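Residue-level structural notes
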Amino acid sequence: MTKLEIIKKTIEYVKSKSEGEGSGHDWWHIFRVWNNAKLISKGENSDQFIVELGALLHDIADYKFNKGDEEIGGKVSKEWLKDLNVEDKDIVAVVHIVNNVSFKSEANNKIKSLEGKIVQDADRLDAIGAIGIARCFAYGGYKGHSIYDPNIKPNLNMTKEEYKSQKGTQINHFYEKLLLLKDLMNTQTAKEIAKERHEFMEKYLEEFFAEWEDRK
Ligand code: NI
């Protein structure tokens, strides 16, 4: 099977798995991350095949939906790629991305490969800006979180466990995660895209609080 055929088959596989996903991790999230990863990789000397497979499979079995098993995505990806007879070294590279791309806390960031850094940037870009805002509230609805509660303050020093079991509000999530992402981008291309998206989120929050505090 050619690399192109492997990518095409993986697209169909991921589409079938992510259909009807209502928490902001649907096929169109994967599609945007895949496209952003391709865009970012143009400025980097990276292995395109690994970048694309990593992007397509990065949420295949996200820990948030599998009772905290952080390795499940890697296992599922490995089985899938083995079935397609992908070379072992390529499988190892993709599994590294799938198992480590997710933001828990920056201290726990274990992404080592350039291809992984590219996919991580692409995933983070989809968490900010106008799309990031939409996904933030979609995820909050899925988890049963409030939009905002003035009595609950953001927790800026969350441990990994607190992050995973968080009961906060979605507006707090901007301060706890989304507004931090622009400074965590690995690549120059992602840094530039992130700047604009970050400014949009700041404007959004300004407007949100102006409306909240308007008692007229
Ligand atoms: Ni993702």
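Look up: the structure comes first, before these words.
A brief structural summary. (Residues numbered from 1 in each chain as written. Predicted model: local features only at pLDDT ≥ 70, side-chain atom pairs only at ≥ 80, totals over all residues. Heavy atoms only, no water.)

In terms of helices and strands, the chain carries 10 helices and 0 strands. Tracing the chain from N to C terminus, the helices and strands come up as α-α-α-α-α-α-α-α-α-α. A burial count over the chain gives 48% of its 216 residues as buried. When the accessible surface of the chain is split by element, carbon and sulfur atoms take 51% of a total near 11,500 Å². (Helix = DSSP H or I, 4+ residues; strand = E, 2+ residues; numbered from the N terminus. Buried < 20%, exposed > 50% of the residue type's maximum accessible area, 1.4 Å probe, protein only. Areas by Shrake-Rupley, 256 points an atom, 1.4 Å probe, with all protein chains shown as cover.)

On to helix H5 (residues 88-100). The terminal C-alpha atoms of H5 lie 18 Å apart, and with 13 residues this matches the ideal 18 Å at 1.5 Å per residue to within 8%. For H5, the elements touching its buried residues are helix H3 (48-57), helix H4 (72-83) and helix H6 (114-125). (Expected span 1.5 Å × (residues − 1). Contact = heavy atoms within 4.5 Å.)

Pairing is possible between side chains of opposite charge, provided their charged atoms come close. A full pass over the atoms with the stated rule returns 7 salt bridges. Of the charged contacts in the structure, one is a salt bridge between Asp 90 and Lys 89, with a shortest N-O distance of 3.1 Å. Classification of Lys 89 by relative accessible area gives exposed; the value is 56%. Salt-bridge contacts for Asp 126 lead to Arg 135; the nearest nitrogen and oxygen are separated by 3.6 Å. Per residue, the accessibility class of Asp 126 equals that of Arg 135, and both read buried. Here the residues in one salt-bridge network are Arg 32, Asp 126 and Arg 135, joined through shared partners. (Salt bridge = Lys/Arg side-chain N within 4 Å of Asp/Glu carboxyl O.)

Here we take up the coordination of the nickel ion. Here the nickel ion is held by His 29 (NE2), His 58 (NE2), Asp 59 (OD) and Asp 123 (OD), and the distances to it run 2.1 to 2.3 Å. Classification of the site at the nickel ion as irregular follows from its 4 donor atoms and the range of 85 to 169 degrees in their angles at the metal. Here the donor residues for the nickel ion map to a single chain with the spacing H-x28-H-D-x63-D. Within this pair, whereas His 58 is found in the loop between H3 and H4, its partner Asp 123 is found in helix H6, the two being separated by 65 residues in sequence. Exposure class is identical for His 58 and Asp 123. Each is buried. (Donors = N, O, S within 2.8 Å, 3.2 Å for Na, K, Ca; no water. Tetrahedral: all angles 85-135°; square planar, octahedral: opposite > 155°, others 65-115°.)

Attention now moves to the environment of Gly 132. Counting through the fold element by element, Gly 132 comes out in helix H7 (residues 129-143). For Gly 132, a relative accessible area of 2% corresponds to the buried category. When the C-alpha positions of Gly 132 and Arg 197 are compared, they lie 8.7 Å apart, and in sequence the two are 65 residues distant. With sequence-adjacent residues up to four places away left out, Gly 132 is seen in contact with Asp 126 and Ala 127.

On to the side chain of Asn 100. With respect to the secondary-structure elements, Asn 100 resides in helix H5. When residues no more than four places from it in sequence are discounted, the contact partners of Asn 100 are Asn 109, Lys 110, Ile 111 and Gln 120.

Here we come to the packing of aromatic side chains. All told, the structure shown has 14 aromatic pairs when counted by the stated rule. Between the aromatic rings of Tyr 148 and Phe 209, the centroid separation amounts to 5.2 Å while the plane-to-plane angle is 85 degrees, which identifies the pairing as edge-to-face. On the criterion of sequence distance, the pair formed by Tyr 148 in the loop between H7 and helix H8 (160-164) and Phe 209 in helix H10 (residues 188-213) is long-range, its members being 61 residues apart. With respect to class, Tyr 148 is no different from Phe 209; both count as buried. Through a chain of ring-to-ring contacts, the aromatic side chains of Phe 137, Tyr 148, Phe 174, Tyr 204, Phe 208, Phe 209 and Trp 212 assemble into a single cluster. Across from the ring centre of Trp 34, 3.7 Å away, lies the NZ or CZ of Lys 38, which sits over that ring. (Phe/Tyr/Trp six-rings, centres within 6.5 Å; stacked < 30°, edge-to-face > 60°. Lys NZ or Arg CZ within 6 Å of the ring centre and 35° of its normal.)

Right, let's get into unusual backbone geometry. With a phi angle near 60 degrees, Asn 85 is a residue other than glycine that sits in the positive phi range. Within the secondary structure layout, Asn 85 lies in the loop between H4 and H5.

The end-to-end C-alpha distance of helix H2 (residues 27-41) is 21 Å, a good match for the 21 Å that 15 residues give at a rise of 1.5 Å each. What H2 keeps buried is the set Trp 27, His 29, Ile 30, Val 33, Trp 34, Asn 36, Ala 37, Ile 40 and Ser 41. On its buried side, H2 packs onto helix H1 (3-18), H3, H6, H7 and H10.

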